[in-house]
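# Coordinates in review
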Amino acid sequence: MARVGEGMRYLSVCSGIEAATVAWHPLGWTAAAYSEIEKFPSQVLAHHYPNTPNVGDMTKFKEWNIGSIDLLVGGTPCQ
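In short, a report on the structure. (Residues numbered from 1 in each chain as written. Predicted model: local features only at pLDDT ≥ 70, side-chain atom pairs only at ≥ 80, totals over all residues. Heavy atoms only, no water.)

Quick look at the overall build of the protein chain now. Looking only at helices and strands, the protein chain features 2 helices and 3 strands. Secondary structure elements of the protein chain, listed N to C terminal, follow the sequence β-α-β-α-β. Residue burial in the protein chain is summarised as follows: out of 79 residues, 34% are buried. Look at the contacts in the protein chain between residues 6 or more apart in sequence, and 43% of them connect residues 24 or more apart. When the accessible area of the protein chain is evaluated, it comes to approximately 5,500 Å², of which 59% is carbon and sulfur surface. (Helix = DSSP H or I, 4+ residues; strand = E, 2+ residues; numbered from the N terminus. Buried < 20%, exposed > 50% of the residue type's maximum accessible area, 1.4 Å probe, protein only. Contact = heavy atoms within 4.5 Å. Areas by Shrake-Rupley, 256 points an atom, 1.4 Å probe, with all protein chains shown as cover.)

Printed below as a string of structure tokens:
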């Protein structure tokens, strides 16, 4: 029997170094993509999550092709 919420796909905007993924990984949730534009956090994301795309600027969301998501998470506004 699957746990409630298992297999959830989320999109993280203003991701920073990605606290949501650290918190949700034990639940079996996966990030469809990150949306981060700052250089240092983008490098951290690429290092720790090389298989998850960083789609960049969230104002260009119409250009993204990430499929469907179950949840949108973010800490806006980006500081």
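Before going further, it helps to spend a moment on helix α2 (residues 39-48). Listed as buried for α2 are Pro41, Ser42, Val44 and Leu45. Down the axis of α2, the buried set is contained in an arc of 160 degrees. They therefore lie on one face. More than 90 degrees from the buried face of α2, the exposed residues found are Lys39, Phe40 and His47. In this structure, the buried side of α2 is in contact with β2 (30-35). (Arc of directions from axis to C-beta.)

Counting through the fold element by element, isoleucine 17 comes out in the loop between β1 (9-13) and α1 (19-24). Classification of isoleucine 17 as exposed rests on a relative accessible area of 54%. The spacing of isoleucine 17 and proline 41 is 24 residues in sequence and 5.2 Å in space, taken between C-alpha atoms. The residues touching isoleucine 17, leaving out its near neighbours within four places in the chain, are Pro41, Val44 and Leu45.

In this section: unusual backbone geometry. Although it is not a glycine, cysteine 14 adopts a positive phi angle of roughly 50 degrees. Along the chain, cysteine 14 turns up in the loop between β1 and α1. Located in the positive-phi region is glutamate 18, a residue other than glycine, with phi close to 75 degrees. The residue glutamate 18 is located in the loop between β1 and α1 in this model. Overall, glutamate 18 belongs to the buried group, its relative accessible area being 2%.

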